[in-house]
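A structural walkthrough
Listed below, chain by chain, are the residues.
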2 protein chains.
Amino acid sequence: MHKVKVYVTLRESVLDPQGTAVQKSLNSMNYQEVKDVRIGKYMELSIEKSDRDLDEVIRSMCEKLLVNTVIEDYRYEIEEVIAP
Amino acid sequence: MHKVKVYVTLRESVLDPQGTAVQKSLNSMNYQEVKDVRIGKYMELSIEKSDRDLDEVIRSMCEKLLVNTVIEDYRYEIEEVIAP
């Protein structure tokens, strides 16, 4: 079994109104040192071993469903989980 | 300037209907090896140097605004950004 952590972020060139709203809230709460906020997604997938190549499976899942590659970038990390 | 990466996840004991929906979609798209999906948030904050302790600032921002500590856990990483 593998635990796969996927991080999805908006591309640099894409506006992030949700992040801007959070930044403004933080600034108004007396955290003026916060100059920028970008909000993304974080996913943890538990994936069982199979015949297919894990990297290929992850990449195709991301590109078909999990990530909107027009406006988002992604990266992922794979951890092996030793079953008890 | 520091770049702070905050990862917010649902607590283990909290149901994640969004994750379950994504898992079912992946399973129906012929990714049967996916056994569990949990969805969280990922935030990148750019924080300017100030007199206050950075860890304390981050923790109080998380607990006051960014994280619902009743149902969510969080962790963060700090990266120093060298201005050009």
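This text follows the structure it describes.
Here goes a summary of the coordinates provided. As the structure is a prediction and not an experimental result, all values here were calculated from the model.

1. Some remarks on the sheet that holds strand E1 (residues 2-10) of chain B
Where strands meet in a sheet, backbone hydrogen bonds hold them as pairs that are either parallel or antiparallel. The strand order E3(A)-E1(A)-E2(A)-E2(B)-E1(B)-E3(B) describes an open sheet built from six strands, whose pairing is antiparallel. Each having just a single partner strand, strand E3 (72-80) of chain A together with strand E3 (72-80) of chain B make up the two edges of the open sheet. The sheet shows a mean angle of 20 degrees between the axes of neighbouring strands, taken without regard to direction. Pairing between E1(B) and strand E2 (residues 34-47) of chain B: seven bridges, direction antiparallel. Within the sheet, the bridge partner assigned to His2(B) lies in E2(B) and is Ile47(B). Helix H2 (residues 54-66) of chain A contacts strand E1 (2-10), strand E2 (34-47) and E3 of chain A together with E2 of chain B of the sheet and is inclined by roughly 145 degrees relative to E3(A). Along the sheet, helix H2 (residues 54-66) of chain B contacts E2 of chain A together with E1, E2 and E3 of chain B; its crossing angle with E3(B), the most-contacted strand, is approximately 145 degrees.

2. Remarks on the side chain of His2(B)
Residue and element names in this part refer to chain B. By the secondary structure assignment, histidine 2 is in strand E1. When its relative accessible area of 13% is taken as the criterion, histidine 2 is described as buried. If we skip the residues at most four places from it in the chain, histidine 2 touches Leu45, Ser46, Ile47, Lys49, Leu54, Ile78, Glu79, Glu80 and Val81.

3. Things to note about the interface of chain B and chain A
Contacts between chain B and chain A engage 37 residues on the former and 37 residues on the latter. Both faces considered, chain B and chain A share a buried interface measuring about 3100 Å² in area, 61% of it formed by carbon and sulfur atoms. Looking only at chain B, the three residues that lose the most surface to chain A are Tyr31(B), Glu33(B) and Tyr42(B), adding up to 22% of its buried area. Between chain B and chain A we count four salt bridges in total. A salt bridge links Lys35(A) to Glu48(B); its shortest N-O distance comes to 3.8 Å. Of all the elements in the fold, those that place two or more residues in the side of chain B that touches chain A are E1, helix H1 (17-28), E2 and H2 of chain B. Here the side of chain B that touches chain A is composed, by residue class, of 18 nonpolar, eight polar and 11 charged. When E2(A) meets E2(B), the two strands line up antiparallel, connected through 13 bridges. If you follow Met43(A) over to E2(B), its bridge partner there is Ile39(B).

4. Some thoughts on the relation of the copies chain B and chain A
Copy one and copy two of the chain differ by a rotation about an axis and a translation along that axis. At an RMSD of 0.0 Å, chain B and chain A line up after a rotation of 180 degrees and a shift of 0.0 Å along the axis. Given the turn and translation reported, the copies of this chain are related as if by a two-fold rotation axis. Judged by C-alpha distance, Lys41(B) is the residue of chain B that lies nearest the rotation axis, at 2.3 Å. In this assembly the copies share their binding face: 100% of the residues contributing to the interface of chain B also contribute to that of chain A.

5. Considering the packing of helix H1 (residues 17-28) of chain A against H2(B)
Where H1(A) meets H2(B), the closest approach of the two axes is 11 Å, and the angle between their N-to-C directions is 115 degrees. The pairing of H1(A) with H2(B) is recorded here as roughly perpendicular in orientation. Note on packing geometry: the crossing formed by H1(A) with H2(B) is right-handed. For the pair H1(A) and H2(B), the contacting residues are Val22(A), Ser25(A) and Leu26(A) in the first and Met61(B), Leu65(B) and Leu66(B) in the second.

6. Quick word on H2(B)
Given a rise of 1.5 Å per residue, 13 residues ought to cover 18 Å, yet the end C-alpha atoms of H2(B) are separated by just 16 Å, more than 12% below that figure. Taken together, the buried positions of H2(B) are occupied by Leu54(B), Val57(B), Ile58(B), Met61(B), Cys62(B) and Leu66(B). Mapping the buried residues of H2(B) onto a view down its axis gives an arc of 130 degrees, with all of them on the same face. Of the exposed residues in H2(B), those oriented more than 90 degrees away from the buried face are Glu56(B) and Lys64(B). Against H1 and E2 of chain A together with E1, E2 and E3 of chain B lie the buried residues of H2(B).

Conventions we followed
- Residues numbered from 1 in each chain as written.
- Chains lettered and ligands numbered in written order.
- Predicted model: local features only at pLDDT ≥ 70, side-chain atom pairs only at ≥ 80, totals over all residues.
- Heavy atoms only, no water.
- Pairing = 2+ DSSP bridges.
- Helix = DSSP H or I, 4+ residues; strand = E, 2+ residues; numbered from the N terminus.
- Axes fitted to C-alpha atoms, helices over the stretch in contact; angles between N-to-C directions.
- Contact = heavy atoms within 4.5 Å.
- Buried < 20%, exposed > 50% of the residue type's maximum accessible area, 1.4 Å probe, protein only.
- Buried area = accessible area lost by both parts, 1.4 Å probe.
- Salt bridge = Lys/Arg side-chain N within 4 Å of Asp/Glu carboxyl O.
- Nonpolar A, V, L, I, M, F, W, Y, C, P; charged D, E, K, R; others polar.
- Least-squares fit on C-alpha atoms with pLDDT ≥ 70 in both.
- Parallel < 35°, antiparallel > 145°, perpendicular 65-115°, else oblique.
- Left-handed = near helix turned anticlockwise from the far one by under 90°.
- Expected span 1.5 Å × (residues − 1).
- Arc of directions from axis to C-beta.

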